[in-house]
Amino acid sequence: MAHATPLRQLVLKVHSRCDLACDHCYVYEHADQSWHGRPPVMSAEVVAQTAARIAEHAAAHGIGTMHVILHGGEPLLAGHDRLRHMAEELRRALPGHCELDLRIQTNAVRLDERFCELFREYDIKVGVSVDGDRSAHDRHRRFRDGRGSHDQVVRGVRLLRRPRYRHLFAGLLCTVDPENDPLRVYSALLELAPPRIDFLLPHATWDRPPARPDDRATPYADWLITIAEEWFATGRPVPVRLFASLLSLLAGGPSFVESLGTASVDHVVIETDGTIEQADSLKTAYDGAPATGMDVFSHSLDEVADHPGLRERRRGLADLCATCRACPLVRVCGGGLYAHRFRSGSGFDNPSVHCPDLTELIGHFRDRVPESAQGHGS
């Protein structure tokens, strides 16, 4: 088991419910519905055992930095006191040689000064999910009664932007929707002065393909390219992880996102009941797709790292279907996000359901990178 690649990032589902009812949410609106059977909040016992497992793993492998993301559902629903307890447990458990990079991903609806003071005390970086201007954001990210959440989210982001908390602001996460105007979305995100922007393709599979408005062949690529051209023309005013990954990969460097490149998977998810799962995005494939059959009480993270599902996703190009292996863009695309390859009958042995968009997007960026720079770099 010592040969398994160590896990350096863990996603802790500290609360399994949400105060929004986003219609594109992979937790509640896709194939896997396991959240129904889990407790709403991670108990103190699960937190303590999780912290012990992380410390054990870090010590065994001499890991210098462990990355932990507090997630949900909506993690702020766990409340100030529980989140403080979690931060204390994690920091207390880790061995002296290992730093804790602690982050939280939130919709920011409940973000207040008390949360920000807590995050400041424990140096918890905060990422916020927001889809642009009011019209774009409220298309999907609504309360259960149909009200939009844009105003509350923007209020939370503005709180993060105060000088006292600015260093905690990790960035904005935006899900691509070609029905929204790309430049209006991009402009609205820039107005929030984020340190970084992440654009995510919507989760989809061959069984449940992404919407293609007006039957356009590559609506997601077209949307992203429109923003990319504005980004280039204005001197890249803010880091965009997807764009930076494309430029890096084309120059022979690493990817900064899971959805591109062929780097090994080094993270897992720990649910509120201590169950350990593979990447959350697999919830879009089929019911039970992320399951490992393991939990923090019965299994070490070394055992989890050696799980067949994680081993398979460390095979790089060998893990991809024949179509992908034969593609000249494969080392940049990497087959796209693993979950997006799923089709009933053939499993994950397929190109990404977003393949046409990825091909168009990568081709556009390739044309912008000098040929002399392609395929070189660290």
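Higher on the page you've got the structure.
Once a new chain begins, its residue numbering starts again from 1 and follows that chain's sequence as written. Selection of residues for local features in this predicted model requires a pLDDT of at least 70, selection of side-chain atom pairs for listing and counting requires 80 or more, and totals for whole chains, interfaces and linings are taken over all residues. For side-chain calculations, the full set of non-hydrogen atoms in the structure is used, while hydrogens and water are omitted.

Draft legend 1. A look at the overall build of the protein. Summing up its helical and strand segments, the protein has 13 helices and 9 strands in all. Taken over C-alpha atoms, the radius of gyration is set against a globule rule of 2.2 Å times the number of residues to the power 0.38. Relative to a compact globule of 378 residues, whose C-alpha radius of gyration would be 21 Å, the protein shows 20 Å and is just as compact. Projected onto its principal axes, the C-alpha coordinates of the protein cover approximately 50 × 50 × 40 Å. In the protein, which comprises 378 residues, the share counted as buried stands at 57%. Whether two residues touch is decided by their heavy atoms; if any such pair falls within 4.5 Å, the residues are in contact. Residue pairs at least 24 apart in sequence account for 72% of intrachain contacts in the protein once pairs closer than 6 positions are excluded. Throughout, the Shrake-Rupley method with a 1.4 Å probe supplies accessible areas, and for residues the shown protein chains are the sole cover considered. Summed over its atoms, the accessible surface of the protein is roughly 15700 Å², and 49% of this surface lies on carbon and sulfur atoms. A distance of 3 Å separates the average location of the 44 positive side-chain charges in the protein from that of its 51 negative side-chain charges. To qualify as a helix, a DSSP run of H or I must reach at least 4 residues; to qualify as a strand, a run of E must reach at least 2; elements of each kind are numbered from the N terminus. Accessible area is worked out with a 1.4 Å probe on protein chains only. A residue is then buried under 20% of its type maximum, exposed over 50%, and partly exposed in between. Lys and Arg are tallied as positive, Asp and Glu as negative. Neither His nor the chain termini are counted. Note that the charge is assigned to NZ on lysines, CZ on arginines, CG on aspartates and CD on glutamates.

Draft legend 2. Expanded view of helix α2 (residues 79-93). Given the number of residues in a helix, its expected span is that number minus one, multiplied by 1.5 Å. Helix length check: α2 (15 residues) gives 22 Å between terminal C-alpha atoms against 21 Å at 1.5 Å per residue, within 8%. What α2 keeps buried is the set Gly79, His80, Leu83, Met86, Ala87, Glu89 and Leu90. Those residues of α2 hidden inside the fold are in contact with β1 (9-13), α1 (44-61), β2 (65-71), β3 (99-106) and α3 (113-121).

Draft legend 3. View of the sheet that holds β2. One bridge is not enough; two strands pair if DSSP finds at least two bridges between them. Spatial ordering of the open sheet is given by β6-β5-β4-β3-β2-β1-β7-β8-β9, a layout of 9 strands whose pairing is mixed. In this open sheet, the two edge strands, each paired with only one partner strand, are β6 (197-200) and β9 (291-295). Across the sheet, the axes of successive neighbouring strands diverge by a mean angle of 25°, strand direction being ignored. Across 4 bridges, the pairing between β1 and strand β7 (residues 267-270) is parallel. Paired with Leu12 across the strands is Ile270, a residue of β7. Seen against the sheet, α1 touches β1, β2 and β7 and runs at an angle of roughly 155° to β2. Lines fitted to the C-alpha atoms define the axes, with helices restricted to the stretch that makes contact. Angles between their N-to-C directions range from 0 to 180 degrees. Each of β4 (125-129) and β5 (169-175) touches helix α5 (residues 150-160); the most contacted strand, β4, lies at about 155° to it.

Draft legend 4. Structural detail: the environment of Tyr220. Residue position: Tyr220 is located in helix α7 (residues 219-233). With 76 residues separating them in the primary sequence, Tyr220 and Arg144 have C-alpha atoms 27 Å apart. Once residues lying within four places of it in the same chain are set aside, the contact partners of Tyr220 are Val176, Pro178, Leu201, Pro202, Pro210, Ala211, Arg212, His354 and Asp357. Polar side-chain contacts of Tyr220 include one of 2.6 Å to the backbone oxygen of Ala211. Counting of polar contacts relies on pairs of N or O atoms within 3.5 Å, with two restrictions inside protein: one atom must be capable of donating a hydrogen and the other of accepting it, and residues adjacent in sequence are counted only when both atoms are side-chain atoms.

Draft legend 5. Up close: the nonpolar core. As used in this record, nonpolar core signifies buried Ala, Val, Leu, Ile, Met, Phe, Trp, Tyr and Cys residues forming a set joined through side-chain atoms within 4.5 Å. Membership of the largest hydrophobic core comes to 98 residues, with the highest contact counts inside it found for Leu83, Phe119, Phe199 and Phe243. Examining the composition of this core, we find that 9 residues originate from one element, α7, more than from any other. Setting aside its immediate chain neighbours within four residues, Phe243 contacts Phe199, Leu224, Ile227, Ala228, Trp231 and Phe365.

Draft legend 6. Spatial organisation of the packing of helix α8 (residues 241-250) against helix α13 (residues 355-368). Two elements in contact, α8 and α13, have axes whose closest approach is 10 Å; the angle formed by their N-to-C orientations is 65°. α8 and α13 meet at a crossing whose hand is right-handed. Taken together, the residues of α13 that come into contact with α8 (itself represented by Leu242, Phe243, Leu246, Leu247 and Leu250) are Leu361, Ile362, Phe365 and Arg366. Each residue is assigned to one of three groups, with Ala, Val, Leu, Ile, Met, Phe, Trp, Tyr, Cys and Pro labelled nonpolar, Asp, Glu, Lys and Arg labelled charged, and all others, Gly among them, labelled polar. Residues that form the contact of α8 with α13 fall into these classes: 8 nonpolar, no polar and 1 charged. Put simply, a crossing is left-handed when the front helix is turned counterclockwise from the back one by less than a right angle, and right-handed when it is turned clockwise.

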